[in-house]
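# Architecture at a glance
Residues per chain, in single letters:
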Amino acid sequence: MPTTARPTDRMPAIPADRLTPAQLAASDAFFAARRTPVFGPFVPLLRSPDLMLRASDMGLYLRYDSVLPLSISEFAILIVAREWSQQIEWQIHHPIALKAGVDADVAQAIAEGRRPEGMSAEEAAVYAFSTELQRNKAVSDPTYAALVALYGEQGAIDLTGINGYYALLAMTMNVARTALPEGVAPPLPALIP
């Protein structure tokens, strides 16, 4: 029988007085780079301070400096969040994606596990690339060619990086059972296999 109870967060925030010197230094460096305390996926990643900082640096590049437009990056992040059923990733990036220009109906179709209708040519290429990569662990020649025609080889690598990076964060939070904030309902519906 399905349960509505949420699993216990395996790796909640570490109390400040229990941080190791390396964790404290990593927390401080994270705050200096991002102007926000450790949050979301970085809470469990703090158990490996050097990995957390390297992941944070990669994330900053992929979010703000890749060759892909923000709307396309955020669109891809939604795909990854759905593929991994990662509630927090979706909760964080869904409003950013909508603000960046992803259509609400397109985002809703992704949330429901459906191929969206009405995607732009760019979104369709990114959807094909990302879903093939996430599901098949490879990308077909036509899908690769369509993406490269739009964004070049660097775009293909940056999009691969977005898929891999956000899958890493999703896996981390799924392993850690990172909890949504108190009072927040899971935004992604369960998918029926």
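So, a few notes on the structure that sits alongside this text. Note that the structure is a prediction, hence the values are computed from the model and not measured.

So, about the nonpolar core. In this structure, Phe 75, Val 126 and Leu 147 are the most contacted members of the largest nonpolar core, which totals 40 residues. Among the elements that take part in this core, helix α8 (residues 141–176) stands out by supplying 9 residues, more than any other. If we skip the residues at most four places from it in the chain, Phe 75 touches Val 102, Val 106, Ile 110, Met 119, Glu 123, Val 126 and Tyr 127.

This part is about the layout of surface pockets. A volume near 240 Å³ is recorded for the second largest pocket. At the level of elements, α3 (49–64), α5 (87–100) and α8 are the ones that each hand at least two residues to the lining of the second largest pocket.

Rolled over the atoms, a probe as big as a water molecule pinpoints where empty space is left. Under the definition given, this model contains 1 cavity of 30 Å³ or more. Space inside the largest cavity adds up to approximately 50 Å³. Residue classes in the lining of the largest cavity are distributed as 3 nonpolar, 2 polar and 4 charged.

Its 14 residues give helix α4 (residues 70–83) an end-to-end C-alpha distance of 20 Å, which sits within 8% of 20 Å, the value for a rise of 1.5 Å per residue. Here α4 lies mainly inside the structure; 11 of its 14 residues are buried. Within α4 the residues assigned to the buried category are Ile 72, Ser 73, Glu 74, Phe 75, Ala 76, Ile 77, Leu 78, Ile 79, Val 80, Ala 81 and Arg 82. At its buried positions, α4 is contacted by α3, α5, α6 (104–111), α7 (121–136) and α8. Of the residues flanking the end of α4, it is Ser 85, one or two places downstream, whose phi is positive at about 45 degrees.

Take α3 next. For α3, spanning 16 residues, the distance from its first C-alpha to its last is 22 Å, which sits close to the expected 22 Å at 1.5 Å a residue. Its buried side turned inward, α3 meets α1 (21–34), α2 (42–45), α4, α5 and α8.

Turning our eyes to something else, we now look at the side chain of Gln 87. In this fold, Gln 87 is placed in helix α5. Within the structure, the side chain of Gln 87 is placed 2.7 Å from the backbone nitrogen of Leu 188, a separation counted as a polar contact. Contacts of Gln 87, omitting those with residues within four sequence positions, involve Leu 180, Pro 186, Pro 187 and Leu 188.

Procedures and definitions
- Residues numbered from 1 in each chain as written.
- Predicted model: local features only at pLDDT ≥ 70, side-chain atom pairs only at ≥ 80, totals over all residues.
- Heavy atoms only, no water.
- Core = buried A, V, L, I, M, F, W, Y, C linked by side-chain atoms within 4.5 Å.
- Buried < 20%, exposed > 50% of the residue type's maximum accessible area, 1.4 Å probe, protein only.
- Helix = DSSP H or I, 4+ residues; strand = E, 2+ residues; numbered from the N terminus.
- Contact = heavy atoms within 4.5 Å.
- 1 Å grid on protein atoms, 1.4 Å probe; cavity = no way out; pocket = protein on both sides within 12 Å on 5 of 7 lines; lining within 4 Å.
- Points joined across faces, edges and corners; volume = space filled by probe spheres on them.
- Nonpolar A, V, L, I, M, F, W, Y, C, P; charged D, E, K, R; others polar.
- Expected span 1.5 Å × (residues − 1).
- Polar contact = N/O pair within 3.5 Å; in protein donor to acceptor, adjacent residues only side chain to side chain.

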